[in-house]
Amino acid sequence: MINLQVLLIVLVLISSLSAAIPLCLGFQPATFSDNCCLNPFLADKNASLKDCVIGLANEPEMVEWMRKIRREIHKNPELAYEELATSSLVRRELEEMGIKYRWPVAKTGVVAAVGSGSPPFVALRADMDALPIQELADLEHKSQVDGKMHACGHDAHTSMLLGAARILKELESSLQGTVILIFQPAEERGEGAKDMIKEGVLKDVDAIFGVHIIHKFPIGVAASRPGQFLAGCGSFKAIIKGKGGHAAAPQESIDPILAAATSIISLQHIISRETDPLDSQVVSVSIVQAGTSYNVIPESATIAGTYRAFGWKGFRDLRERLEEVIKAQAAVHRCSVKIDFDGKEHPTLPPTVNDERIYEHARQVSNLIVGEENTKVATIFTGSEDFASYLEKIPGSFLLLGIRNEKIGAIYPPHSPYYTIDEDVLPIGAALHTTFAYSYLRNLSMCSSS
Ligand SMILES: [Zn+2]
Ligand SMILES: [Zn+2]
């Protein structure tokens, strides 16, 4: 009788254990040759991973759930640092899945973890904020908040990452480490990622992966590139101080307008005379403010503008030269100057530079999920992303995922009031996120055990 009870308990334990490990993965650690870090993808293992993840991501109930989440967020867009309902939705779904999270992080952000709870750690990121735009697309689930709209696809990013969370939770017992899920605020303000980093979300994280949907590519196409990808976007505001006085007696004044004028001209020489013509950079002075009267030399003049470059070195060098040139021109004209590069109303975003090793991993993941024919090498883009702030700290890769579908009007660029997406992108994004993290941890484990 006692033996029978023990046997029954053992049988129950075995059946619950096998239920926790999806049979479709059948993952077993293996011994590999020394070069496995260079060639970490093994066809047989990947075939089962691909089938498993794509299968889970495309289950009708899963697809419908992601669509519902995306539409719920789309109907109630929230601007930077106001994402209270969105992050409440994220927490609600994480709780439903039994995933632990930290909140609030950087005011409204949520950081969750799936896996063993131990290193190695790999991070996946989604942004949650909307834009101050009046939606003009005529959709049943259009924005219900006047003057606010998800016109950059962050509602889809959040939904995809929740989809990935759900798949990863199903695969949790076979994860070879921990996946950190970052739901960040305020991407559009260029500050969300920096604030999340300040709160320690990258602590001990080996690598990070991010996706942005884009109208430039048809649905199902994924594009990225190694190294320089998106431009860094910096801003500056220089207040040049002279000495005000009567315009009829300039010798008794120190004219800040002259210093501002020569600064503007000299700044253009940085691009035309110092920069490699094949290395795209921009300096634009877009604000000039000085004076109120025809016969008064003003006390001060303000110039402000933006600068862009694609590489970290070029970006930092450009900022350094901007500062040198304005200070030197102010000095030539006996003025003093105060230059602000980090004003809240014009945050600086570094260039988005993909780590070549992580890019290669992401490219192979993309080959697996959308196929080699749909995995493209993107050109450089002049847009900027605050994902770049993560890439400044740790290696990672950023990927653009197509949503273009003429039949449903998904043709508009981000920030258009008509912005529309093909929601078929949701399971693709969830599968890419999942596979990136799962195989990254698996490969690390294989390499360390070889
Ligand atoms: Zn945007
Ligand atoms: Zn965006």
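The coordinates are above.
Residues numbered from 1 in each chain as written. Chains lettered and ligands numbered in written order. Predicted model: local features only at pLDDT ≥ 70, side-chain atom pairs only at ≥ 80, totals over all residues.

**Student:** Would you mind showing me how to read helix H4 (residues 84-97) here?
**Tutor:** Taking 1.5 Å of rise per residue, 14 residues should cover 20 Å, and H4 covers 20 Å from first to last C-alpha, within 8% of that figure. For H4, the set of buried residues is Thr86, Ser87, Leu89, Val90 and Leu94. Buried residues of H4, viewed axially, fall in a sector of 150 degrees; they line one side. Residues of H4 that are exposed and point over 90 degrees away from its buried face: Arg92, Glu95 and Glu96. Considering only its buried residues, H4 is in contact with helix H3 (60-75), strand S1 (100-105), strand S2 (109-115), helix H5 (154-170) and strand S4 (178-184). At the exit of H4 stands glycine 98, carrying a positive phi of roughly 75 degrees. (Helix = DSSP H or I, 4+ residues; strand = E, 2+ residues; numbered from the N terminus. Expected span 1.5 Å × (residues − 1). Buried ≥ 20, exposed ≤ 12 C-beta atoms within 10 Å, placed from the backbone. Arc of directions from axis to C-beta. Contact = placed C-beta atoms within 7 Å.)

**Student:** Where do I start with unusual backbone geometry in this structure?
**Tutor:** Generally, phi is negative for residues other than glycine and the peptide bonds are trans, each holding for most cases. Here tryptophan 103 and proline 104 are connected by a cis peptide whose omega angle stands at -5 degrees. Each neighbour pair has its own omega, and for proline 119 with proline 120 the value is -5 degrees, a cis peptide bond. Mapped onto the fold, proline 120 is located in the loop between S2 and strand S3 (121-127). Here the phi dihedral of tyrosine 81 falls at roughly 65 degrees; this positive angle occurs in a residue that is not glycine. Looking at the element boundaries, tyrosine 81 is found in the loop between H3 and H4. Classification of tyrosine 81 as partly exposed rests on a count of 17 C-beta atoms within 10 Å.

**Student:** Sorry if this is basic, but what is going on with the pairing of strand S16 (residues 396-404) here?
**Tutor:** The two faces of the sheet receive side chains in turn, since in a regular strand these alternate between them. Most of S16 is tucked away, with 9 of its 9 residues classed as buried. Burial along S16 is two-sided: Gly396, Phe398, Leu400, Gly402 and Arg404 facing one way and Ser397, Leu399, Leu401 and Ile403 facing the other are all buried. Pairing of strand S5 (residues 205-218) with S16 involves 8 bridges; the strand directions are parallel. Paired with histidine 212 across the two strands is leucine 400, which belongs to S16. The pairing of strand S6 (residues 222-224) with S16 spans 2 bridges and is classified as antiparallel. By the bridge assignment for S16, alanine 222 is matched with leucine 401. (Pairing = 2+ DSSP bridges.)

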